[in-house]
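Fold and contact review
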Amino acid sequence: MNEYLYLLMLITLVCIPSSYSQSASLSFDEDFPPRLKVLENTTLGTELVDVNGTYTGAGGITYGILKNSLGEEYLEVDSVTGVVKLKKELDHEVKTQIDVTFTLNAGEFPDNIVKQKQLTIIINDINDNKPVFIGLPFQITISEKRDSSPLNSDGTYVTKKEIYTVRAGDVDTGPGGYVQLSMSGDTGGIFSMANFGKVYQHKPVDYETKSEYLLDVLAADYGPPVLSSVTTLQIKVSDAQDTTPQIVSINVVDVFDGAPINSSVAAVNIQDGDREIPNNVFCSIRDGPGMEYFKIDGLNNIQLAKPMDRELLTLSEKKSFMVNLKCQEDDTHPQQKDLTTGVELDAPHLDHVIRISVIDINDNRPEFSSTSYSTTLQETQNTDVAINPPELSVEDLDSENFARFKVSIDTEGYPDGALFKIVPDGQVVSRGDFHFEIRPGTILDFDTKEVYTIRIKTTEIVDQGLPDPPEKFAIVTINLINVNDEKPKFMESKHEVSIEEHAEIGKVIGTYTAVDNDKGIYGDLTYTLTGSDLFAVNDKSGEVKIAGDIDRETVGNVISVTLLADDVDGQEDSTTIIITITDKDEYGPQISNTKPITFLVFENTEGRYEIGTLNIVDNDKPSTVVFDYTLDIDNKFANLFSFEKENENIKIYVADGYIVDSDEIGTLVTANITIPNPVGPDHVSTIQIDIRDFNDNSPKFNPPSKVIDIEESILRGEILYTAEAFDPDAVDDTKYDIISSNDENDFTINKETGVIRTAKNLDYETTKSYTLIIEATDTANNKGTLTLTINLLDVDDVDPKFDSDNIECSMPEDLKAKEDICLIKASDEDSKEEFKIMQFSIISNTDKFEINSETGMLILSQEINRESADNTQDEFTIQVQVKNARSDSNADVAIVHILIEDVNDELPQFNPIKATKNLVETSAQGTFIYQVTAVDPDTGIGGTITYSIMDNSANIRNSFEIDANTGEIFTSKGFEGTFKAGNVIDMEIEAVDGGGLKGNNFLLEIVITVVKDRPKILHPLQGDEFMVQEDANVGYPIVQVEAVDPVTDQPSDFTYLLDEASEIYFSISQDGFVTLASELDRETKQKHEVKIIVRDDSSNQVDATRLIYIDVTDVNDHLPVFEEASYLMMYEEHTPVRVLGVVTATDRDDSDSIFYCIESAPNSELIEIDSKQGIVTLKERVDREKISQINVNVSASNSADDCTSNERTVAPLTIQITDINDLLPKFEKSNYTAGVTTTVRYGTSVIRLVAFDNDFGENSTITYSIEQILYVEMLKNPVVSIGTFTIDSDIGIIRTNKPFERYVLGYFDVIVTAKDISGEGDTAAVKVYILTDEQRVKVVFHTPLENVMENEFTERFIELLANITGSQVTVDDIKHHVEDDVIDFEKTDMLVHFVDSATETIRCRWCTPTH
């Protein structure tokens, strides 16, 4: 079936008879629908439904619609088929439903309506209408004026403001009728719209930034399809008085030197920045240098306040003035008010700077700074060197246009002037302060003339037709400085002389001198002789003498020596002296072998082996050698070696039958051979026979055992001993090793030298002595051993330790102040007594105890009364420490528990002191009457109380008895029949403690009553004890009282009660159940005494009682509590690890152990805590520059396994790392560049250098200083420059201190140091280039100054320039852009210069060459 059409139903036509019958029926089909749904966009002619009917008579059915109905307007029906079609367009927004009545007409009566049936057609809506805005146009005006709405840090309102509501609607139904609104456009982040049309303002508006916002508003339904409409929301901003005045124009007039007062200077055109409601603006001149020259009138015109004299101005004022204006609005329109006080704010103002130039006139003459000068010049100096005296200058105070003059040398009367020149000579200059150079015109000679005097003059150049002004003169005296410009010179290059050998020592062989034409010390010569030590020269005169015995046979026939002559600067000349040696007969035969004469023979060599040959020569008669000889040799060797003469030689053999043995005769045999000399002394030669050993012996130590003593403080790696073994064999390449008792590798040995060193730090307390076995092994694996015993000597290196870290002491409570409590024992494992001196101290905050710092005796400071009201403790816990008294050692910490022992100083007291009890006259023996209780705060035997009845009458003694320990009073065997009803007995009870002290007495009044048996209590028994946990809930059952009638032994209607004191914590029900009535706290009360009363409510009322005890058992219901809310501990960086302090917590619960933990936090791994004692220790050394403070939480709990449990108490622990001066200042970089112009003012900032010192406080204080200043020009040596720059010692700003016009050809190297309080630090080099204006490049940025001043912006731009140009780029200045004497705050000027990295010169292609 179609959703919108009712299906056409097939109708079976019934033939109706032509004659009407009353039995024929006419009806609509039963399935005809009562209602039909169609969409409003259904097209015309669409079949909507079939109307079907049934007629049982004759004839057909005619279908129709009731005339003049709404259905007839919209629908049509086929009269034959019953098909219904749409004939008029539907619109849900006009009609939501149509009620139509259909008709059935029988065939016989076509004009009569026989049957009718109504159909309701529901017109379903479709989304065919766009949303419609309501209330157009949308316009709102808001003020930029601030109200008191609070703002967030980002400038937005804390609570956004609702400023407007946009409304729209949609006539459609369903989703198509729902409208959501949104807004777009340039809101500036100020406005937003909720989807229901509310417009919000998120932050204040600014009229000067934007005065109108035109925003698109979109209204869209939910479709389908989605339809939308767009309109505009206009938000206008109204102006408020909140904007500073603005400069419109400034007309500036230059001021001439000599201008009179009231001369016009400038006219300022300024207006209020608030254009809608402008105020009048008036300007004033702020105080400042030179401002006394100017004034301003009510029309903002600037005039001279006094005549202008340019020469009286400061250096900066001579060119221009910077006039600072303050332009402020009046109150034509009120200003905004302070949002807090409501007071009207000051009117806005504008600060503005105007440059006013001063134009000079010619009213000054060029003048020398003095009339006479003096200077020096080295002789032979080049003619391009300036010799100006430092103070020489010429100055014309007029500006450049009027300061035209020339400087020249005047030779009239001063002929020396012809030898000098002026650079520039005679050149006309246009400078107010002109620097020139005096140079020598020729090379001058000190030896010719030592002093020159010249006169220089200035000549001012004036315009043609004007008279010449007078010339000015100055005298310059030039003193020549002598230099060493001549070299020594010998007249001859060679000299020859002849002497006889063995001539007398000291004999002069000649005097040889050179000439030096220099004067003074430069002409003094020094002579030296080289080539032979047989001759010597007098260093002043050049006289040469024989200095040693000359043997022609040794030195030869000729000796050649060189004589040098040197002046003081090392300039020299030389001449050669050739000395011929003549011979004389002096030698005889002798052995010619090279000395020392040594022959080699190996051990085990057999007889007749030729060891060597001695060659005999005679230097006087080499052709004929005749000789004899004698042999001098030890007798023990005489038969072992044979010396035999053969021709001109002596042969040496091993004796026949002998085998050489070095172990027998050693490794060296010496013999002396004497050869007689007929012309002189005999020749004696020593012959050595070197016997080479075979390695057939073991190394031996002597002695074989050694004992040494060393201090245990010896450092690791220090030498203990050198083990040196002796090996009789000549070949002794012995290796050493430790083969025993070095299992822990405490020592090392050098295998080559036997040097033994410590490999570890030794500890006397661990090992007092070592016995090492040292083995020496030679190359043949022969071995020898040394037993080395090393005894350690004790040093003071062991920290004292307490005998226990948990110490218990006790003291009687009556101990007097300053009396000893107990001795706190500690020990020091050092062996020497002086090392064992310890120092004790208490580190807890206590005024009750003190400790003897030398003995460790704990002493009472204040007396303690254990039972006093202000004392709640019978045990005190303190922390003590011990350390070495001789040194700053690590301290050991212990916990001391001091138990206050009771003494019997308190009296037992009854409270109450009186009671009245009824007693039946027939009570049996042992009937309980009453229990008295006295209290004695003492403990032990002093707190033990004994009770007794004081009455001495026989009746009372025999009738009553008292339990001496419990105070329970009973009837005794004598009571029966002794007293009658109505008798009253006053019984006085005494309480005595274990020390015999008595307190007050108790009076018991016993009233004898008639016979009545009291209830019999079966359970509980008297004195029964019951256990209840302190966390038991209220209502917890403890015990049920069972009582019976004493006669029948059957339960009865008794009343169960508790005494008043017991009812605080407990209750009893009428069936005898004792239950918990309120919460228990064992830490408040550990044991409760409960009195149970069973009452017989008969006419003769009697009570039975039972006293029971309820012990409150402990549960862990209290957390540990720290003694301090937070802890602060100090540690000095880099010091050895040590105990920092102790944290202490207490727990009110019984026997609950307390465990301490450090909770995980940054750097918590550096700390450890003793889990039981709370001792905090640093595990490793800490560097403050890496970690300045450690913040952790320390927790205390009753669990040893879980430090993160919720059942814990936490206290913050701060470990402050204090600083030591362990770091030096460090510059950001080691090299800087900067630039200054030639016209820069004194004191101008050049560059700021920044160094960092990561130390803290005083240790981080940095002092800057200039170490050296060098002025560098190309092709010239650097020159030290003094005072050219200064530096601010505290902030590192380098400032100018001299004019720079004369330095344009070079740059300065400035060496700067940054030092901390130790005097140590870092060094940086600064290259300062001297710039002309044309060497600087001005870059104009179209952005405000603050944007360009950002470091990141500047650094990126400079990096870009450096990459493009390949140069070093330095920023000289950043300032507001000025155009036509008006500051443009929206633009910024950056002045930079470029340096060629290779030549270190200024790069400037557009500049005029300077050299």
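Summarised in this report is the structure supplied together with it. Given the structure is predicted, the values throughout are model-derived calculations rather than measurements.

A tally of regular secondary structure across the protein gives 7 helices and 112 strands. Its C-alpha radius of gyration of 63 Å places the protein more than 25% over the 35 Å reference for a compact globule of 1411 residues. Expressed along its principal axes, the backbone C-alpha trace of the protein runs to roughly 190 × 135 × 90 Å. Looking at the protein as a whole, 42% of its 1411 residues are labelled buried.

This part is about the nonpolar core. Residues Leu614, Phe641, Phe643 and Ile673 are the most contacted members of the largest nonpolar core, which totals 29 residues. When contributions to this core are tallied by element, the ones reaching two or more residues are strand S47 (597–602), strand S48 (610–617), strand S50 (641–646), strand S51 (649–654), strand S52 (668–675) and strand S53 (683–692). If sequence neighbours within four positions are ignored, Phe643 has contacts with Tyr629, Leu631, Ile633, Ile650, Lys651, Ile652, Ala671 and Ile673.

So, about the state of the cysteines. According to the stated counting rule, one finds 2 disulfides in the structure shown. One disulfide bridge connects Cys283 with Cys327, the sulfur atoms lying 2.1 Å from each other. Disulfide Cys283-Cys327: the torsion about the S-S bond is 105 degrees, which places it as right-handed. Pair noted here: Cys283 is in strand S22 (residues 281–285) and Cys327 is in strand S25 (residues 320–329), with a separation of 44 residues, a long-range link. Grouping residues by exposure puts Cys283 and Cys327 together as buried. The disulfide partner of Cys809 is Cys822, and the S-S distance across this bridge is 1.8 Å. Because the torsion about its S-S bond is 85 degrees, the bridge between Cys809 and Cys822 counts as right-handed. Of this pair, Cys809 sits in strand S64 (residues 806–812) while Cys822 is found in strand S65 (residues 820–823), placing the two residues 13 residues apart along the sequence.

Moving on: the pattern of salt bridges. One pass over the full model with this rule turns up 30 salt bridges. Its salt-bridge partner being Glu1025, residue Lys1087 comes within 3.0 Å of it at the nearest N-O pair. Of this pair, Lys1087 sits in strand S88 (residues 1087–1096) while Glu1025 is found in strand S82 (residues 1025–1029), placing the two residues 62 residues apart along the sequence. A salt bridge links Asp1322 to Lys1226, with the nearest nitrogen and oxygen atoms 3.9 Å apart. Of the two residues, Asp1322 sits in strand S108 (residues 1321–1331) while Lys1226 sits in strand S99 (residues 1226–1227), which places them 96 residues apart along the sequence. Bridged by salt links that share partners, the residues Glu1025, Lys1087 and Asp1111 form one connected network.

On to the environment of Asp1114, then. Tracing the chain through its elements places Asp1114 in the loop between strand S89 (1102–1113) and strand S90 (1121–1122). Under the relative-accessibility criterion, Asp1114 is labelled partly exposed at 24%. Between the C-alpha atoms of Asp1114 and Gln1086, which are 28 residues apart in sequence, the distance is 8.5 Å. Once residues within four sequence positions are removed from consideration, Asp1114 is found in contact with Glu1030, Arg1082, Glu1083, Asp1149 and Asp1150.

Of the two faces of strand S91 (residues 1127–1132), only one is covered, namely that formed by Tyr1127, Met1129 and Tyr1131; the face formed by Leu1128, Met1130 and Glu1132 stays uncovered. When S91 meets strand S98 (residues 1208–1218), the two strands line up parallel, connected through 6 bridges. Note on S98: the bridge partner recorded for Met1129 is Ile1215.

Thresholds applied
- Residue numbers run consecutively from 1 along every chain, following the written order of its sequence.
- The model is predicted, so local features are restricted to residues of pLDDT at least 70 and side-chain atom pairs to those at 80 or more, both for listing and for counting; the totals for chains, interfaces and linings are taken over all residues.
- To obtain the side-chain values, all non-hydrogen atoms of the structure were used and water was disregarded.
- Secondary structure elements follow DSSP: runs of H or I of four or more residues count as helices, runs of E of two or more count as strands, with numbering from the N terminus.
- In this description the radius of gyration comes from C-alpha coordinates, and the expected globular size is given by 2.2 Å times residues to the power 0.38.
- Categorising residues by exposure relies on relative accessible area from a 1.4 Å probe, with only protein chains included: less than 20% of the type maximum marks a residue as buried, more than 50% marks it as exposed, and the intermediate range marks it as partly exposed.
- What we call a nonpolar core is a set of buried Ala, Val, Leu, Ile, Met, Phe, Trp, Tyr and Cys residues that are connected through their side-chain atoms within 4.5 Å.
- Throughout, a contact is declared for two residues whenever any of their heavy atoms are within 4.5 Å.
- In plain terms, two cysteine sulfur atoms within 2.5 Å form what is called a disulfide here.
- Each reported salt bridge corresponds to a side-chain nitrogen of Lys or Arg within 4 Å of a carboxyl oxygen of Asp or Glu.
- The pairing criterion is simple: DSSP has to find at least two bridges between the two strands.

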